[in-house]
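# Architecture and fold: a report
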Amino acid sequence: MNKIIPSLIVGSMVAIQAHAVVDKNFDYHVDRFADIEVLRYEVPEFDRLSLDQKKMVYYLSQAAQAGRDIIWDQNGRYNLQIRKLLENILTNYKGDRNSADFKAFEKYLKQVWFGNGIHHHYSTDKFIPGFSQAFFEEQVAALPDSLLPLNPGETREAMMATLTPVIFDPSVMAKRVNQDGTVDVVATSASNLYGEGVTQAEVEAYYAGLKNPDDATPISFGLNSKMVKENGKLKEEHYHLNGLYGPAIAKIIYWLDMAKGVAENDAQRQYITKLIDYYITGDLRLFDEYSILWAEDTKSDVDFVNGFIESYGDPLGMTGSYESYVNFKNTKSSDRTETISSNAQWFEDHSPVDPRFRKPEVKGVSAKVITAAMLAGDAFPSTAIGINLPNSTWIRAEHGSKSVTLENITEAYDMASHGNGFNEEFVIDKATSDHMDKYLYITDMLHTDLHECLGHASGRLLPGVDQDALKEHGSALEEARADLFALYYLADPKLQELGILDDPTAYQAEYYKYMLNGLMTQLNRIEPGKDVEEAHMRNRQLIAAWILEKGKKDKVVQLVKKNGKTYVKINDYKKMRDLIGQLLGEIQRIKSEGDYAAGNELIRKYAVKVDPKLHKEVLERFSKLDIPPYRGFINPEYTPVYDDKGNIIDVKIGYTENYTDQMLRLARDFTTLGY
Ligand code: ZN
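Residues numbered from 1 in each chain as written. Predicted model: local features only at pLDDT ≥ 70, side-chain atom pairs only at ≥ 80, totals over all residues. Heavy atoms only, no water.

## Thoughts on the overall build of the protein chain
Scanning the protein chain for helices and strands turns up 24 helices and 15 strands. Against the compact-globule benchmark of 26 Å for 675 residues, the protein chain has a radius of gyration of 24 Å, which places it among compact chains. Across its three principal directions, the C-alpha atoms of the protein chain cover 70 × 60 × 60 Å. The buried share of the protein chain, taken over its 675 residues, is 61%. Once local pairs closer than 6 in sequence are excluded, the contacts in the protein chain between residues at least 24 apart make up 75%. For the protein chain, the exposed area adds up to about 25700 Å²; of that, 51% sits on carbon and sulfur atoms. Positive and negative charge centroids in the protein chain, built from 77 and 99 side chains respectively, lie 3 Å apart. (Helix = DSSP H or I, 4+ residues; strand = E, 2+ residues; numbered from the N terminus. Rg over C-alpha atoms; globule rule 2.2 N^0.38 Å. Buried < 20%, exposed > 50% of the residue type's maximum accessible area, 1.4 Å probe, protein only. Contact = heavy atoms within 4.5 Å. Areas by Shrake-Rupley, 256 points an atom, 1.4 Å probe, with all protein chains shown as cover. Lys, Arg positive; Asp, Glu negative; His and termini not counted. Charge placed at Lys NZ, Arg CZ, Asp CG, Glu CD.)

In structure tokens:
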């Protein structure tokens, strides 16, 4: 449950020297449709890698993409079939490519690609096609049988009878992840992590039966399985070589094995071996062993994540979505995170929480800044800008965790935002806007560092408290805890003492952005009439709305009107920091004690409901700017260069594909699960 996703698109004209390596001519913009902008990111310093390291990046990238079909199937049982059908329509279409129906069809397919399925990657609502059902039927009718993605024994008519309502009927599979705790979240979620007829109560009872409260090193139950019902009894179908997703996993194993051959050192070879063993068997004990070896390897330059990792896609927060990141170290910027992590104990000892909830000994929080080289699975096209793994609580406590900031991704977001008019529209005055221009890039990055490297790693549960005690609010409250920790220390003089920030007021740029985003601008991601649902958004609104209310008497933060428009006005940054400390103390208490009732009350009171008038205003102001609420990335292309004996002698990196090209290539090269 530990990743940071970019909060919003701030148009900060960042002081250019804050950026590590920037090619000013690099073209970040790739495509724009619906509420999405697709960017590309640069991989600076790829050429500094040795030949073996380049091969490593290449093999791991192949492994990453080999699992692509898994996330599609996890996200919904018809996704792979629908993708193939839509792609065949696109490539075989003979009609007018400028017709309204075709344009709408193309937009829908681009949305489906971006969502890794028929639901929005963020809201998890089903996409609504803008083309007619008649157009769809006509296009399918024009395809020969050989181009239809039929299941064994399935007829054309049967396929259409199944898929038509799945695509067109808004009530069918309406939401991928339903987090409305008043109904059965398993039965009402459209994702494919639970089989037909499985209920939330049954799943909870099943795992309650497996969990042993005295086990100090529990496996991550449900992480790599689909729960199905057979003859009225629940059964886990595990993801492994000879189990569910076997053909995709076989390919992942092949490429991991190639990577193992060029590993940088023994430690890396060992954890790759362990990961392969885990993929072969599906044994979650092996995954824990792998995670420990991986977390403890802080020496390797090229590094990666590949597996069933984050559980946001599961309404019960157990099953991991397939994802992969391939990366290498950004040595220069890593000095910053190494300074932070080597002082982790100081931060822990001074945190504004009850000492009983602090970690007496912070273990092995390693932090680095990385250059992302490949994003895949659930991390593609929409990606995190920071990651902290492993997720297992006991492994983090006993063996530490690895925290990374994806600087080239943050940089691409920032560079692509220049001059988009956001600050002019939403920031209260020029002084604040100038301050953000100057310090937002660096404080944003520091916020990510602190959130990942210290925030998630801080604090401890009281003995006997179940790490899943906060249930459906676990993710949002955990993100709030990490954000608050980061915000609190961003304003601490310790950062000047450590030489990380030179200006003691720099943090105000991030504070302003945080309040603006949490109170107003993130509403751009919500449709009129809807509540805030996604965990990170709930976390941000919770913090901002709580501070607004608690600081009301002292006018710490206000929403003010200017020329009929609403603005965030921060009058007292110091008091705002005190409030951040107070809320951190309370949320840490809730987590440490497993106080579900108090957590539920905080979420219900501050994090969910939207002021419809303000929401409308925000949407109107955004609509004039044409700033997409969501952004994501295509990957660079890696091409091995061979000698005449078939040995790889170099790997070239390219940035030439457009969005559609890349998606069609991925489908060609990495279709592993049928169709
Ligand atoms: Zn996080």
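## As for the sheet that holds strand β3 (residues 36-40)
Ordered in space as β2-β3-β13, the three strands form an open sheet in which the pairing is mixed. Of all the strands in the sheet, the pair left with one neighbour each is β2 (29-33) and β13 (630-634). Across the sheet, the mean angle separating the axes of adjacent strands is 25° when strand polarity is ignored. Note that β2 and β3 share four bridges and pair antiparallel. Opposite H29, over in β3, you have L39 as the bridge partner. With respect to the sheet, helix α4 (residues 100-115) is in contact with β2, β3 and β13, its orientation differing from that of β2 by roughly 115°. Strands in contact with helix α24 (residues 659-670) are β2, β3 and β13; relative to β2, the strand with the most contacts, it is inclined by about 90°. (Pairing = 2+ DSSP bridges. Axes fitted to C-alpha atoms, helices over the stretch in contact; angles between N-to-C directions.)

## Here we look at helix α1 (residues 51-66)
Taking 1.5 Å per residue, 16 residues should reach 22 Å; α1 reaches 22 Å between its end C-alpha atoms and fits that length. The element α1 is largely enclosed, with a buried count of 14 among its 16 residues. (Expected span 1.5 Å × (residues − 1).)

## Considerations on the coordination of the zinc ion
Each protein donor to the zinc ion is listed here as H451 (NE2), H456 (NE2) and E479 (OE); together their distances run 2.0 to 2.1 Å. Motif for the zinc ion, donor spacing along one chain: H-x4-H-x22-E. In this pair, H451 sits in helix α16 (residues 430-455) while E479 sits in helix α17 (residues 474-490), placing the two residues 28 residues apart along the sequence. (Donors = N, O, S within 2.8 Å, 3.2 Å for Na, K, Ca; no water.)

## Considering the environment of D314
Summarising the element assignment, D314 is placed in the loop between β6 (302-310) and β7 (321-329). Along the backbone, D314 and V186 are 128 residues apart, and their C-alpha atoms lie at a distance of 8.3 Å. Excluding residues that lie within four positions of it along the chain, D314 makes contacts with V177, L193, Y194 and T319. Here T319 takes part through its backbone nitrogen, which lies 2.8 Å from a polar atom of the side chain of D314. (Polar contact = N/O pair within 3.5 Å; in protein donor to acceptor, adjacent residues only side chain to side chain.)

## Points about the pattern of salt bridges
Within the structure shown, the criterion is met by 49 salt bridges. The residue D650 makes a salt bridge to K54 at a minimum N-O spacing of 3.3 Å. Within this pair, whereas D650 is found in strand β15 (residues 648-654), its partner K54 is found in helix α1, the two being separated by 596 residues in sequence. Across the pair, K54 and D650 agree in class, each one buried. The shortest N-O distance in the salt bridge between R481 and E478 comes to 3.0 Å. With R481 and E478 both in helix α17 and three residues apart, the pair spans about one turn of that helix. Assessed through its relative accessible area of 3%, E478 is described here as buried. When salt bridges with common partners are traced through the structure, they connect D354, R356, E586, R589, E593 and D595 into a single cluster. (Salt bridge = Lys/Arg side-chain N within 4 Å of Asp/Glu carboxyl O.)

## Comments concerning the packing of helix α20 (residues 535-550) against helix α21 (residues 573-593)
When two helices pack together, you describe them by how their axes are tilted relative to each other and by the distance separating the axes. Where α20 meets α21, the closest approach of the two axes is 10 Å, and the angle between their N-to-C directions is 120°. Viewed along their axes, α20 and α21 adopt a mutual orientation that is oblique. The crossing of α20 and α21 is right-handed. Touching L542, I543, W546, I547 and K550 of α20 are M576, L579, I580, Q582, L583 and I587, all from α21. Among the residues forming the contact of α20 with α21, the class breakdown is nine nonpolar, one polar and one charged. (Parallel < 35°, antiparallel > 145°, perpendicular 65-115°, else oblique. Left-handed = near helix turned anticlockwise from the far one by under 90°. Nonpolar A, V, L, I, M, F, W, Y, C, P; charged D, E, K, R; others polar.)

## Some thoughts on the pairing of strand β4 (residues 225-230)
Relative to strand β5 (residues 233-238), β4 is paired through six bridges, and the arrangement is antiparallel. Opposite S225, over in β5, you have H238 as the bridge partner. Between β4 and β5, which pair antiparallel in sequence order, lie two residues; one of them, N231, sits at a positive phi of approximately 50°.

## Examining the nonpolar core
Formed by 209 residues in total, the largest nonpolar core has its most connected members in F136 and L256. Looking at this core element by element, the count peaks at 10 residues for α17. Sequence-distant contacts of F136, that is, excluding residues within four places in its chain, are made with L85, L86, I89, F131, M160, T164, I167 and F168. (Core = buried A, V, L, I, M, F, W, Y, C linked by side-chain atoms within 4.5 Å.)

## Things to note about the packing of aromatic side chains
Taken as a whole and judged by the stated rule, the model has 43 aromatic pairs. Ring geometry for W346 and F347: centres 5.3 Å apart, planes at 90°, overall edge-to-face. For W346, a relative accessible area of 25% corresponds to the partly exposed category. According to the relative accessible area criterion, F347 is buried, its value standing at 0%. Every member of this aromatic cluster is reached through a ring pair, and the members are Y239, Y245, Y271, Y278, Y279, F287, Y290, F304, F308 and Y322. Between the NZ or CZ atom of K562 and the centre of the ring of Y567, over which it lies, the distance is 5.0 Å. (Phe/Tyr/Trp six-rings, centres within 6.5 Å; stacked < 30°, edge-to-face > 60°. Lys NZ or Arg CZ within 6 Å of the ring centre and 35° of its normal.)

## Notes on unusual backbone geometry
A cis geometry characterises the amide bond from F380 onward to P381, with omega recorded as -5°. By secondary structure assignment, the location of P381 is in the loop between β8 (365-377) and β9 (386-389). In this structure, the amide linkage connecting L389 to the following residue, P390, adopts the cis form with an omega of -5°. Phi is positive for A34, close to 45°, though the residue is something other than glycine. By secondary structure assignment, the location of A34 is in the loop between β2 and β3. Judged by its relative accessible area of 31%, A34 falls in the partly exposed class. A positive phi angle, close to 65°, is found at Y245, a residue other than glycine. Secondary-structure assignment places Y245 in the loop between β5 and α8 (246-261). Given the relative accessible area of 5%, Y245 is considered buried.

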